[in-house]
Amino acid sequence: MLGKAAQPRGSVQQNETSVESPLLDLGKVSRVYRAEGGVRVRALKDVSLQVHAGEFVCITGPSGAGKSTLMNIIGCMDQADSGSYRLAGREVQGFGTGALALLRRRFFGFVFQAANLLESYTASQNVQLPGLYAGMSRSRRQRRATELLSSLDLATRAEHLPSELSGGEQQRVAVARALMNGGRVILADEPTGALDRENGEEVLKKLEHLTAQGHTVIVVSHNPEVAARARRQIALQDGRLVSDSGGGKSALPGGASREESGGQGTPSAILELVRGSWTALRANLGRGTRLHTLLPILCIGIAVCVGAMTISLSSGVYRQASEKINSFGLDAISIYPTPGRAGPDRPGRSLTHEDVAAIENQIGGVRAISPSLKRYGVGVRYGGANAEAQVNGFVDRGSQTGRGPSSYLLESGAPITQQEDDSMAQVAVIGATTRKLLFPSGIDPVGEVILIENRPFRVKGVLRYRSGLIKDAPSAELARELGDMVNNEIFVPYKTAAFLLFESETLSDMVVFMRDPDQVLGAASQIRDLLISRLGDDVFFLMSYPGEASEKAMQVRTWLWLGLGSIAIIALLAGNLVVMNAMLVSVSARKREIGIRLAVGARRRDISRQFLAEAVTVNVAGGLLGALLALTAVIGLQSLYVAASISLWMFVAPFACSAIAGALFGIAPARRAARLTPVVALASE
Ligand code: ADP
Ligand code: MG
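Only a predicted model underlies this, so the values are computations on that prediction, with no experimental measurement involved.

Conventions and cut-offs
For every chain, the first residue of the written sequence is number 1, and numbering continues from 1 along that sequence. Labels follow written order: the first chain is A, the first ligand is 1, and so on. This being a predicted model, a pLDDT of at least 70 is required before a residue's local features are given, and a value of 80 or more before pairs of side-chain atoms are given or counted; all residues contribute to the totals for chains, interfaces and linings. Computation of side-chain values: all heavy atoms of the structure, hydrogens and water removed. Every helix listed is a DSSP run of H or I at least four residues long, and every strand listed is a run of E at least two residues long, numbered separately from the N terminus. Buried residues are those whose accessible area, probed at 1.4 Å on protein chains only, stays under 20% of the maximum for their type, while exposed residues exceed 50% and partly exposed ones sit between those limits. Residue contacts are counted whenever heavy atoms from the two residues lie within 4.5 Å of one another. Accessible surface is estimated by sampling points in the Shrake-Rupley manner with a 1.4 Å probe; for residues, cover comes only from the protein chains shown. Note on pairing: DSSP must find at least two bridges between two strands before they are called paired. Think of a salt bridge as a Lys or Arg side-chain nitrogen and an Asp or Glu carboxyl oxygen that are within 4 Å of each other. Axis definition: a line fitted to C-alpha atoms, over the contacting stretch in the case of helices. Angles run 0 to 180 degrees between N-to-C directions. Think of it this way: one heavy atom of a residue within 4 Å of a molecule or strand is enough to make that residue near it. Distance and chemistry together define a polar contact, namely a pair of N or O atoms within 3.5 Å, with one atom able to donate a hydrogen and the other to accept it when in protein, and with adjacent residues in sequence counting only for side-chain atoms on both sides. To qualify as a nonpolar core, a set must consist of buried Ala, Val, Leu, Ile, Met, Phe, Trp, Tyr and Cys residues joined through side-chain atoms within 4.5 Å. All domain edges in this entry derive from an automatic or database-based domain assignment. Each angle is binned into one of four classes, with values under 35 degrees roughly parallel, values over 145 roughly antiparallel, values of 65 to 115 roughly perpendicular, and all other values oblique. Definitions for this section: a left-handed crossing has its near helix turned counterclockwise from the far helix by less than a right angle. A right-handed crossing has that turn clockwise. Polar here means any residue outside two lists: the nonpolar Ala, Val, Leu, Ile, Met, Phe, Trp, Tyr, Cys and Pro, and the charged Asp, Glu, Lys and Arg; Gly therefore counts as polar.

**So, the overall build of the protein**
Alright, step 1. Secondary structure summary: the protein contains 21 helices and 20 strands in total.
Alright, step 2. A total of 685 residues make up the protein; the buried ones form 49% of that total.
Alright, step 3. Relative to all contacts within the protein whose residues are 6 or more apart in sequence, the contacts with residues 24 or more apart total 77%.
Alright, step 4. Total accessible area on the protein stands at roughly 31,500 Å², and carbon and sulfur atoms take up 55% of it.

**Remarks on the pairing of strand β7 (residues 185-189)**
Alright, step 1. Along β7, five of the five residues are buried, which leaves the element largely enclosed by surrounding structure.
Alright, step 2. Where strand β6 (residues 108-111) and β7 come together, four bridges link them in parallel fashion. By the bridge assignment for β7, F110 is matched with L187.

**Some thoughts on the pattern of salt bridges**
Alright, step 1. One pass over the full model with this rule turns up 17 salt bridges.
Alright, step 2. For the salt bridge of E201 with R229, the shortest nitrogen-to-oxygen distance reads 2.9 Å. Placement of E201 in helix α7 (residues 197-212) and of R229 in helix α8 (residues 224-229) is noted, with a sequence separation of 28 residues between them.
Alright, step 3. Two residues, E420 and K460, come together in a salt bridge whose shortest N-O distance is 2.8 Å. Here E420, found in helix α12 (residues 418-422), pairs with K460, found in strand β17 (residues 455-463); they are 40 residues apart in sequence, far enough to count as distant. Per residue, the accessibility class of E420 equals that of K460, and both read buried.
Alright, step 4. Each member of the salt-bridge network shares a partner with another, and the members are R590, E593, R597 and E614.

**A look at the sheet that holds strand β10 (residues 240-244)**
Alright, step 1. The six strands are arranged β6-β7-β8-β3-β9-β10 in an open sheet whose pairing can be described as mixed. The two strands at the open ends of the sheet, each matched to only one other strand, are β6 and β10. Between one strand and the next, the sheet's axes are offset by a mean angle of 20°, whatever the strand orientation.
Alright, step 2. Running at roughly 155° to β7, helix α2 (residues 67-74) makes contact with β3 (56-60), β6, β7, β8 (216-220) and β9 (232-237) of the sheet.

**Here's the deal with the environment of G200**
Alright, step 1. For G200, the position within the fold is in helix α7.
Alright, step 2. Distance from G200 to G167, taken between C-alpha atoms, is 9.3 Å for residues 33 residues apart in sequence.
Alright, step 3. Leaving out residues up to four positions away in the same chain, G200 has contacts with T192 and L195.

**Let's talk about the site of ligand 1**
Alright, step 1. All residues adjacent to ligand 1 are Y33, V41, A43, P62, S63, G64, A65, G66, K67, S68 and T69.
Alright, step 2. In this structure, G64 approaches ligand 1 through a main-chain N or O atom, which is 2.7 Å from an oxygen atom.
Alright, step 3. Where the shell around ligand 1 is concerned, the elements lending two or more residues are β2 (40-51) and α2.
Alright, step 4. When residues in the shell around ligand 1 are grouped by element, the largest group, three residues, is from α2.

**Thoughts on the nonpolar core**
Alright, step 1. Core analysis: the biggest nonpolar cluster contains 68 residues, and L24, L70, I74, Y85, L87, F108 and I218 have the highest contact counts within it.
Alright, step 2. In terms of domain composition, this core takes at least three residues from each of domain 1 (54-79 + 95-252) and domain 2 (274-322 + 553-683).
Alright, step 3. Apart from residues no more than four positions distant in its own chain, I218 is found in contact with L24, V51, V57, I59, M71, I74, V185, I186, L187 and A188.
Alright, step 4. Core analysis: the next-biggest nonpolar cluster, separate from the first, contains 45 residues, I369, F457, A524 and L531 among them.

**Things to note about unusual backbone geometry**
Alright, step 1. At K28, a residue that is not glycine, the phi angle is positive and equals roughly 50°.
Alright, step 2. Assignment of secondary structure puts K28 in strand β1 (residues 24-34).
Alright, step 3. Positive phi values are uncommon outside glycine, yet E453 reaches one of about 50°.
Alright, step 4. Within the secondary structure, E453 is located in the loop between β16 (449-452) and β17.

**Focus: the packing of helix α19 (residues 604-639) against helix α20 (residues 649-675)**
Alright, step 1. Between α19 and α20, whose axes approach to 7 Å, the crossing angle comes to 155°. In terms of orientation, α19 and α20 fall into the roughly antiparallel class. Between α19 and α20 the crossing geometry is right-handed.
Alright, step 2. Among the residues making up the contact of α19 with α20, the classes are represented as 21 nonpolar, six polar and two charged.

Shown next as structure tokens:
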């Protein structure tokens, strides 16, 4: 943009120095307003006017004569309906809004009857505003604002808010702002109208001083004193130019303005947007609109909090459920022969180590396999006591529950480890019945050595009595008998059983652990197919996996997702609707602010970006609040032993959702704000 614009500016400078070419050249300019009810008001009728650089012109005329309309057209705030307007030798009639905004930044500085400063900005920030839209760097802007303010005797007022300044001071801040980008043409519409004599005089002096420096000044005033000060008076009446005292020509070039590159899209421009949004948010919180600003932030905070809790609780509850549903976990598939049809006690093909290897190699997603080998009626001895027990060679390779097979719980001692399996250690964990049979005196079996088939095994753990497997027994007596049978068991490491004790690689059963519980169903049917192809007959084995239970756990997770998730989304929508509503309303309430920004050269997209950024900022503020709430809540729940887990996702996902929602819901207000034209926006006072 800079490159293209730089060239015609060169020719502008040449034109200016030539005495023939006026800086502003209006030819038969007319402006017709279409008021409500279709009434047409001809505010300007064939006005022709030439103004040269360095002139001090005063436009006079009764109220409604068209003075402001003329000023707006000269200042590229509005466009004529017919006629021509040459600015610095170039026809600008028919330019688009973007080009007009550029011209406003390049050529003009406005001073209005009311100072029209942004209330939440300090004097210095107000002065800097045109530089912001011209892409001036922050440090240069600040420096220039300081210079301008001190040249207008406002050095000590730079950090004050407009409400802390007198009317005259405010108006001088407005003059400084008009000069920020160079202010080659200063357009002042009744600048002293709202001031007392003394303050008015002060402002007038400054304007006079500017013409001496080469600025072109056009003042609207019906104050005869002001008119007397100007070197040229123009009178308007009913939209017509009725008198012109004649132009005194000046060859002085105007104050230079320079548009810096890096206006939009650069990191610093985005930083400016963010900074501006926070300023707006802070200002709103500080003012009477505190509740209006806080409510949507709270709403979005709750949404983000509930969203984070959804993720936290559903994954926590799911994890806890998996542990409760199956002693092996939700990721386990048990495979065992059909009782009585095959097995190590019967000849023929049964499950072997090769089947374990085949499953490990051919089924995807297998984490570990725990084989087991059982023998019934094995002779065991301790001291003088003899018994027959079930011996179970087993190693737990995959269960993440820390428990053994069939959910055994230890009464005392420790479970068998994988290392003990690898080294074929002669260690044993004995059941409650076996303990009674071998240790009738009641001594602690842990550390004692028992004989299994005449081989010594050190007892390292004792199981608790297990009743879960026999609760369906028809009578109490039978239940006790069954219980004694089931609990008459000894666990030894799998390899010790397979290679030392029984010298057999035929498995009794195995447990396959999957990496992902969601894979269990698919893997189970694949394993079934594989074993049928290897063993030839599916009657030889049965499988059990936590299919139903796991589905239930997943269902619970889904319900949590849907239930809590929809609350989160509703809260997010509600919050953003509040934001959108507040912002749509504020577009009307902030018309004046938008008008000021447009007058100092903001493009439409600057305005829409500002509103979008503000919507996103509200969401980010809400998001931070929500994340904090969620973290507190989850830590609280965890201390109450409620299943809830903390992950990065629980914050990132809801936070991103709210930021996106903010951007989406900010579009409507942003568009509405950007549709305003400078004249309409400023007229709404
Ligand atoms: P002045 O500034 O000299 O008082 P204006 O330029 O503001 O006069 O207005 C000139 C005429 O145009 C007036 O009759 C005014 O009512 C009319 N006018 C100004 N702005 C509008 C507008 N936006 N819509 C309709 N009529 C307007
Ligand atoms: Mg007016």
